[in-house]
Amino acid sequence: MSLAPVLLVALLGLANDAPKPIAVKAPTRSSPASYARDIADVLDAKCAGCHGSALAENKLNLETVAGMLKGGKRGPALMPGKADESLLFKMAAHRVAPAMPPEKKKDLPPLTPEELGLLKQWIDGGARDDSDVSPAPAKPPELGSLPPGVHPINALDLTPDGRVVASGRANVVEVFDVDTGAAIISLGGHRDLIQSVRFTPDAKRLAAGSFGVVTLWDCPSATLRTTFAGSRGPIKAMVATRDGKTLITGGAEKAIRFWNTADGKTSKTVDFPAGTEALALSPDESLLAAAGSDFVVRVLNVADGNEVHTLKGHTAAITSVAFLADGKSVVTVGDDLAARVWGLPGKPGEAVAPRTIPTPSLAGLAALPGGKLLLVGSGDAAVRLVDLADGKEERSFPYEGKLGRAVALAPDAKTVLIGAQDGSARTYDLATGRLGTTFGPLGEPIRAVAFSPKGDRVLTAGTAGAVEVWEATTGRAVIAFDHSPPPQVTWYRTSRPHPAFFLGDGRVASAFEMSARIWSFEGSWSDARTFGPHVFRVLAIDFSPDGKLMATGGGEPSRSGEVKVWDVASGKLVRSLENLHSDTVFALRFSPDGTKLASAS
């Protein structure tokens, strides 16, 4: 039997399996082909899926020129200067088997004649690698201003005691007293939205994260020292001895109470014929003037509580009472449109007939050392400086808005502080009448204002139980306190008295409803310190339990997950974990013992 027919069939079969060459179209441009510009993307799209670093079929990597020169099982894929001898070109042009990409890869079409022309020109030209393997330096983004109306709150945190809340609203950190809602301070300086805020465990520092940076502030802290409970009615008036050891209160109950500030207990109670509207201690602290709800002022001996003088003459509610510097005269103002100056005789009994200074409706007063008075006019929104010698007005301090019942004199007697119904307070220079610093608004009518013993701080107290302390020269808020009255009394809170002042050692005393409290505080909002740079937005912040380390997290979306650990005291970077995650880090948390850090992406 002849084998010729069988051999012919086999040869014909080989001829049918051979690839059909693809035409090669030479480039018409004058510039030579470039690997980076013309070849790399083509090979990446049609070859690197099988012949890349991840898979490398037949041990061939076509992602780099070096990989092509090294080749795979069949040898080098490139012969620089000789495209017709290079396996890469011959297989891509379907001149040898196996043709590439394989016919079975339906999603990978063969190279076009134009692509083959560029590949041949590049190889014949020496297969030069003109790619830059080093990444281009990142250009920092140029941040502009936020669009109008963009004010989202993206971050919140509370101090561990729950008294203060910080929120990141747009590019500003706003700090509030939780119980009153009073705005303590706004901390700006960020160019982008605030994405994270965190207090340290001791609440003495506050961090905020934005684009590329974390800002850290020192925070003031407060402590409730003493609570005075036991009054049988709302407290309307309060004074303290200079040494701060005794607090004296009066109010709706027909009694005046003396309290020990060390333990908050009542040391003495003096029966009083009427409710008490205002109190004042004489300069030597031997006498106490108490204005009653029956329009009578009674002067009591502090030592035994006995009444030594009775001052009658007001025909309406008495709003304020004060001793002059000599201790021999008492000044009162009330709703009967007059200020009265009472001379106290050398022996107990009736006071001499008062001198009356007619004036618009009065709400408060402050006595100056040189025999002058500051009178708060609630009717015409002005404060007057009056000389007691002749009753003439020396100067007026107009106030934009309705005044409250609050006026205070600085320790150096050069500045007056005035509180108003709109919740704001302002200082004025006594010599010139020039407006100084504005505080607030607090958000509620002001019922009391005071200077600290050094004159560097002021306080304002409102009708809803809030007390706020401010920097005297800058108007910057420092801290807030609150009495948190029960909800059932809110319907009449807008008219409640709220005596508050600084004690001689800088502590704050305040009375509201039927209790009084003393707070101490320390620190102030420091200048901001920054931690960075970060590659993108800082979305997570946490502090170690001892507050010595700060962890920050963020990173570029779908590119990197960045975690950094910082020394809080020095601001130095302790550890950087840029490649901990392959995507943005959204949350961080130290373990309770501070030995571990968890991150989430």
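Everything here concerns the structure above.
This one's a predicted model, so the numbers in the text were calculated from it and none came from an experiment.

## So, helix 2 (residues 35–46)
Within the sequence span of helix 2, burial applies to Tyr35, Asp38, Ile39, Val42, Leu43 and Lys46. Considered in projection along helix 2, the buried side chains sweep an arc of 115 degrees and stay on one side of the axis. In helix 2, those exposed residues whose orientation departs by more than 90 degrees from the buried face are Arg37, Asp41 and Asp44. Contact partners of the buried residues in helix 2: helix 3 (65–70), helix 4 (87–92) and helix 5 (113–124). Regarding helix 2, its N-cap is Ser34, as a side-chain oxygen of that residue lies 3.4 Å from the backbone nitrogen of Ala36 further along.

## A short note on the sheet that holds strand 34 (residues 500–502)
With antiparallel pairing, the four strands of this open sheet are ordered in space as 8-36-35-34. With one partner strand each, in any of the chains shown, strand 8 (221–229) and strand 34 form the two edges of the open sheet. Going across the sheet, the axis of each strand differs from the next one's by a mean of 20 degrees, ignoring polarity. Here three bridges tie strand 34 to strand 35 (residues 508–512), and the two strands are oriented antiparallel to one another. When the bridges of strand 35 are listed, Phe501 appears paired with Ala509.

## Regarding unusual backbone geometry
The peptide bond linking Met100 to Pro101 adopts the cis configuration, its omega dihedral lying at -10 degrees. Structurally, Pro101 is set in the loop between helix 4 and helix 5. In this structure, Ala170 is a non-glycine residue whose phi angle is positive, near 55 degrees. Among the structural elements, Ala170 can be located in the loop between strand 2 (164–169) and strand 3 (172–177). Even without glycine at this site, Ala413 takes up a positive phi of about 60 degrees.

## Notes on the pattern of salt bridges
Counting across every chain of the model gives 22 salt bridges. Its salt-bridge partner being Glu114, residue Lys25 comes within 3.8 Å of it at the nearest N-O pair. With Lys25 in the loop between helix 1 (4–17) and helix 2 and Glu114 in helix 5, this pair connects stretches of sequence that are 89 residues apart. The shortest N-O distance in the salt bridge between Asp157 and Arg198 comes to 3.6 Å. Remark: Arg198 occurs in strand 5 (residues 196–199) and Asp157 occurs in strand 1 (residues 153–158); sequence separation between them is 41 residues.

## Some thoughts on the side chain of Thr159
Note that Thr159 resides in the loop between strand 1 and strand 2. Taking relative accessible area as the criterion, Thr159 reaches 7% and is therefore assigned buried. With near-sequence residues (within four places) excluded, Thr159 lies in contact with Val164, Phe199 and Ala203.

## A look at the packing of aromatic side chains
For the coordinates displayed, the defined rule picks out seven aromatic pairs. Plain terms: the ring middles of Phe228 and Trp259 are 5.8 Å apart, the flat faces sit at 75 degrees to each other, and that makes the pair edge-to-face. Linking Phe228 in strand 8 with Trp259 in strand 11 (residues 255–260), this pair joins segments that are 31 residues apart in sequence. Across this residue pair, the class does not change: Phe228 and Trp259 are buried. Ring-pair connections join several aromatic residues into one group, and the members of that group are Phe481, Trp519 and Phe521. Against the face of Phe258 rests Lys268, its NZ or CZ located 4.4 Å from the ring centre.

## Remarks on the layout of surface pockets
In this model, the second largest pocket occupies a volume close to 460 Å³. In terms of lining residues, the second largest pocket is bounded by 27 residues, among which His51, Asn58, Leu60, Met91 and Met100 are the most central. A total of four residues in the lining of the second largest pocket trace back to one element, the largest contributor, which is helix 4. A breakdown of the residues in the lining of the second largest pocket according to their chemical character gives 16 nonpolar, five polar and six charged.

## Observations regarding the packing of helix 2 against helix 5
The N-to-C vectors of helix 2 and helix 5 enclose an angle of 125 degrees; their axes lie 10 Å apart at closest approach. Taken together, the axis directions place helix 2 and helix 5 in an arrangement best described as oblique. Here the hand of the crossing between helix 2 and helix 5 comes out left-handed. Taken together, the residues of helix 5 that come into contact with helix 2 (itself represented by Tyr35, Asp38, Ile39, Val42 and Lys46) are Glu115, Leu118, Leu119 and Trp122. Partitioned by chemical class, the residues of the contact of helix 2 with helix 5 number six nonpolar, no polar and three charged.

Thresholds, definitions, all that
- Residues numbered from 1 in each chain as written.
- Predicted model: local features only at pLDDT ≥ 70, side-chain atom pairs only at ≥ 80, totals over all residues.
- Heavy atoms only, no water.
- Buried < 20%, exposed > 50% of the residue type's maximum accessible area, 1.4 Å probe, protein only.
- Helix = DSSP H or I, 4+ residues; strand = E, 2+ residues; numbered from the N terminus.
- Arc of directions from axis to C-beta.
- Contact = heavy atoms within 4.5 Å.
- Polar contact = N/O pair within 3.5 Å; in protein donor to acceptor, adjacent residues only side chain to side chain.
- Pairing = 2+ DSSP bridges.
- Axes fitted to C-alpha atoms, helices over the stretch in contact; angles between N-to-C directions.
- Salt bridge = Lys/Arg side-chain N within 4 Å of Asp/Glu carboxyl O.
- Phe/Tyr/Trp six-rings, centres within 6.5 Å; stacked < 30°, edge-to-face > 60°.
- Lys NZ or Arg CZ within 6 Å of the ring centre and 35° of its normal.
- 1 Å grid on protein atoms, 1.4 Å probe; cavity = no way out; pocket = protein on both sides within 12 Å on 5 of 7 lines; lining within 4 Å.
- Points joined across faces, edges and corners; volume = space filled by probe spheres on them.
- Nonpolar A, V, L, I, M, F, W, Y, C, P; charged D, E, K, R; others polar.
- Parallel < 35°, antiparallel > 145°, perpendicular 65-115°, else oblique.
- Left-handed = near helix turned anticlockwise from the far one by under 90°.

No statement about biological role is implied by the geometric values presented.
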